[in-house]
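# Descriptive analysis of the structure
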Amino acid sequence: MNKIDELNISKNDVRKDLNQINIELNTNFIIKENTVSGVPERYQKTVIGISKSEVERIINEIKNSQNFKHYSNNVSLHVTFEGQIQNIKYPKYYSRELYKEIENIPTRIFLTVYEGKDILEYQKMED
C-alpha cells in the first residue's frame, strides 16, 4: 500500500498538503521524491523542486508571521499546538509546522525550506 502511495502522489496532492499549512505555490514545481512508510501510523516525506524566488517568498512569509520564533540551538524542537501553525527559524533551515486533525486523523505536518536552495521538503505524519 505504501509503495502505491509513493508512486501515485500528484501535484494536486502536494498542493492540498501544503494548503493545510497555508502555503500556496505560485510557480510550477517538480515532485523529486516521495516516500511513505508505516502501518497504521503513516509517515510521508515529499521533496519538491521549486524556483529560488518561490523559496525566498516562502521564507519571507515565515519570517514575517506574527508568531515567528528563532531558535539558535541545533535541536529541532518540532513543538506545535493543535490547530495553530508555527513559523520557526532553526539554525540551518526555516520551518512551518502544524498539528491538527485532518480527515479525522491526528496529523503533523513539517515544512522545511533552506535559504539559497531550490527545494522544499515536507513531512506528514498521521498518528
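This text gives an overview of the structure that appears in the document. (Residues numbered from 1 in each chain as written. Predicted model: local features only at pLDDT ≥ 70, side-chain atom pairs only at ≥ 80, totals over all residues. Heavy atoms only, no water.)

In this structure, Leu18, Leu25, Ile48, Ile50, Ile58 and Leu120 are the most contacted members of the largest nonpolar core, which totals 22 residues. Going through the elements one at a time, helix 2 (11–19), helix 3 (52–63), strand 5 (94–102), strand 6 (105–113) and strand 7 (119–126) are the ones with two or more residues in this core. By residue number, the principal contributor to this core is helix 3, which donates four residues. (Core = buried A, V, L, I, M, F, W, Y, C linked by side-chain atoms within 4.5 Å. Buried < 20%, exposed > 50% of the residue type's maximum accessible area, 1.4 Å probe, protein only. Helix = DSSP H or I, 4+ residues; strand = E, 2+ residues; numbered from the N terminus.)

All right, on to the environment of Arg108 then. Mapped onto the elements, Arg108 comes out in strand 6. A sequence separation of ten residues divides Arg108 from Leu98, and the C-alpha atoms of the two residues are 5.6 Å apart.

The buried fraction of strand 7 amounts to six of the eight residues, a majority that puts the element mostly inside the structure. Note: strand 2 (residues 42–49) against strand 7, eight bridges, orientation antiparallel. From the neighbouring strand, Gly49 faces strand 7, where its bridge partner is Ile119. Pairing analysis gives seven bridges linking strand 6 to strand 7, with the strands arranged antiparallel. The partner of Arg108 across the bridge, within strand 7, is Met125. Between strand 6 and strand 7, which pair antiparallel one after the other, the connecting turn spans five residues, and Gly116 there sits at a positive phi close to 80 degrees. (Pairing = 2+ DSSP bridges.)

Attention now goes to helix 3. When the terminal C-alpha atoms of helix 3 are compared, their 16 Å separation across twelve residues agrees well with the 16 Å that a helix rising 1.5 Å per residue should span. Along helix 3, the positions that sit buried rather than exposed are Glu54, Val55, Ile58, Ile59 and Ile62. End-on view of helix 3: buried residues confined to an arc of 135 degrees, all on one side of the axis. Buried-residue contacts for helix 3 involve strand 3 (68–70), strand 4 (86–89), strand 5, strand 6 and strand 7. (Expected span 1.5 Å × (residues − 1). Arc of directions from axis to C-beta. Contact = heavy atoms within 4.5 Å.)

Tallied over the full model, the rule gives five salt bridges. One salt bridge in this structure joins Lys45 and Glu121, with 3.9 Å as the shortest N-O distance. Taken as a pair, Lys45 in strand 2 and Glu121 in strand 7 lie far apart in primary sequence, 76 residues in all. Close ionic contact of Glu61 with Arg57 constitutes a salt bridge, the shortest N to O distance being 2.4 Å. Of this pair, Glu61 and Arg57 both sit in helix 3, four residues apart, which is roughly one turn of the helix. Exposure remark for Glu61: the relative accessible area of 29% places this residue in the partly exposed category. (Salt bridge = Lys/Arg side-chain N within 4 Å of Asp/Glu carboxyl O.)

In terms of burial, strand 5 is a largely internal element, seven of the nine residues being buried. Alignment of strand 4 against strand 5, held across four bridges, turns out to be antiparallel. For Ile88, the partnering residue across the bridge sits in strand 5 and is Ser95. Examined bridge by bridge, strand 5 and strand 6 share nine bridges and lie antiparallel to one another. Opposite Tyr99, over in strand 6, you have Arg108 as the bridge partner. The turn linking strand 5 back onto strand 6 is made up of two residues, and Glu103 within it adopts a positive phi angle of 55 degrees.

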